[in-house]
Amino acid sequence: MRMFQVCVCGEPLQLNEQPTPQPAGTEVLLKVLAAGVCHSDLHLADGYFDLGGGKRMSLADRGMKLPVTLGHENVGEVVAVGPDAKGIKVGDRRLADPWIGCGTCAPCRRGEDFLCRAMRSLGVFSNGGYADYLIVPHPRYLFDIGDLPPERAAPLACSGITTYSALKKVATLKSEPTVIIGAGGLGLMCLGLHRKLGGHSAIVVDIDPVKRDAAKQAGAAVVIDGTASDASQQIIDLTNGGAWAVIDLVGSSASARVGYDSLIKGGKYIIVGLYGGDLTVSLPPIPMRALTIQGSYLGSLAEMAELMELVRRTGLPDVPVATRPLKDVNAAMDQLRAGKIVGRVVLTPAS
Ligand SMILES: [Zn+2]
Ligand SMILES: [Zn+2]
């Protein structure tokens, strides 16, 4: 089987081949039908996240071992099951929840693998779906996609669950506008799910006019240029005094400034994006204005099940998806890095 791996941080993914593994125990072997290219793959390939002020968080320090096959947004067809894998059979088409923990700690036992301190996530700490085949350790991480096209369902595994979980932290979704910063793949997914969850209206902020247009077409009530010096004031004016909820899908110093500064008393700034940077804030206004700064990262297995149920009931969010053959993965990542992708690029190894 072919697999595209990070072998040296900062270099293009390398094509390696190995015999197709056979599933043991509770493992399930998928033939990869679709593997989404996610912005965080760029950080994984680089080997670090920017913490701002010249500081970096090294992924090697967090347990990433090389070489590793990237790809954490995967849909596949079951081609073999281990002797202890129950409730799954050859031919089933499943989305793989890649956020897999140790399986024994307290968060893992609650189905909150994403809070595990010893994660073995697919495409991060163990081999992912930029490959012909993918091993998933247990059927509990597999979700039926029904009749959904694999390439459109795949992004639910990361951008879908990430934005769904962030939106669930917003109590005022149905009564007040929600501010969404960033209209890339994550932003359009967030906008789509916002509407499916009954979201009242969305104000979308992006620095790129092409992405603002895409957000407008995807149903944003208003779009704002994130580079405008009065971006926060525009949000405050549009929300009658400030935003109750800002979901920041960029997570840069600049986006954090815009998001945090546009909050109303009692407002929530939810940070999701991992672009990198820092934010300096005065402390007294946090208690005096009862502000919340909250991180949101991935989601639980229960939330993934809810998301799949929402999508089966109401349809997929309308995120533009372009497919590319597996061999074009490095070109797709370069395009993403250059900010040239609207929506999502999904690799299709089986086609
Ligand atoms: Zn991702
Ligand atoms: Zn655990």
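See the structure shown above.
Below or above, wherever it landed, is the structure these notes cover. Given the structure is predicted, the values throughout are model-derived calculations rather than measurements.

**Section: the overall build of the chain**
Tallying secondary structure elements over the chain gives eleven helices and 18 strands in all. On C-alpha atoms alone, the chain measures out to a radius of gyration of 20 Å, which is about the 20 Å that the 2.2 N^0.38 rule sets for 351 residues. Principal axes of the C-alpha set define a box for the chain whose edges measure 60 × 45 × 40 Å. The buried share of the chain, reckoned over its 351 residues, is 51%. Taken as a whole, the chain presents about 14900 Å² of accessible surface, with 52% of it coming from carbon and sulfur.

**As for the pairing of strand 3 (residues 28-37)**
Across the ten residues that make up strand 3, a large majority, nine, are buried. Across eight bridges, the pairing between strand 3 and strand 7 (residues 73-81) is antiparallel. By the bridge assignment, Ala 34 is partnered in strand 7 with Val 75. Here strand 3 runs beside strand 9 (residues 133-136); their pairing, made up of four bridges, is antiparallel. Paired with Leu 30 across the two strands is Leu 134, which belongs to strand 9. Bridge count for strand 3 against strand 18 (residues 344-347) is three bridges, and the pairing is antiparallel. By the bridge assignment for strand 18, Gly 36 is matched with Val 346.

**Concerning the nonpolar core**
Core analysis: the largest hydrophobic core is formed by 87 residues, its most contacted members being Leu 13, Leu 70, Leu 95, Tyr 130, Ile 247 and Met 333. In contact with Leu 70, not counting residues within four places along its chain, are Phe 4, Val 6, Leu 13, Asp 41, Leu 44, Ala 45, Gly 123, Gly 128, Gly 129, Tyr 130 and Met 333.

Parameters at a glance
- Position numbers for residues count from 1 along each chain, tracking the sequence in the order it is written.
- Written order decides the labels, with chains lettered from A and ligands numbered from 1.
- Where local features are concerned, this predicted model is filtered to residues with pLDDT of at least 70; where side-chain atom pairs are given and counted, the filter is 80 or more; whole-chain, interface and lining totals use all residues.
- The side-chain values count all of the structure's non-hydrogen atoms but skip hydrogen atoms and water molecules.
- Each helix is a run of H or I in the DSSP string that is no shorter than four residues. Each strand is a run of E no shorter than two, and both are numbered from the N terminus.
- For a compact globule the rule gives 2.2 Å times the number of residues to the power 0.38, and the radius of gyration it is set against comes from C-alpha atoms.
- Partly exposed describes any residue whose relative accessible area lies between the buried limit of under 20% and the exposed limit of over 50%, with all areas from a 1.4 Å probe on protein chains only and scaled to the type maximum.
- To be clear on the numbers: accessible area is Shrake-Rupley with a 1.4 Å probe, and residue cover counts the displayed protein chains and nothing else.
- By this definition, two strands are paired if DSSP reports at least two bridges between them.
- Remark: nonpolar core denotes a set of buried residues (Ala, Val, Leu, Ile, Met, Phe, Trp, Tyr, Cys) joined through side-chain atoms within 4.5 Å.
- Residue contacts are counted whenever heavy atoms from the two residues lie within 4.5 Å of one another.

By themselves these figures say nothing about function.
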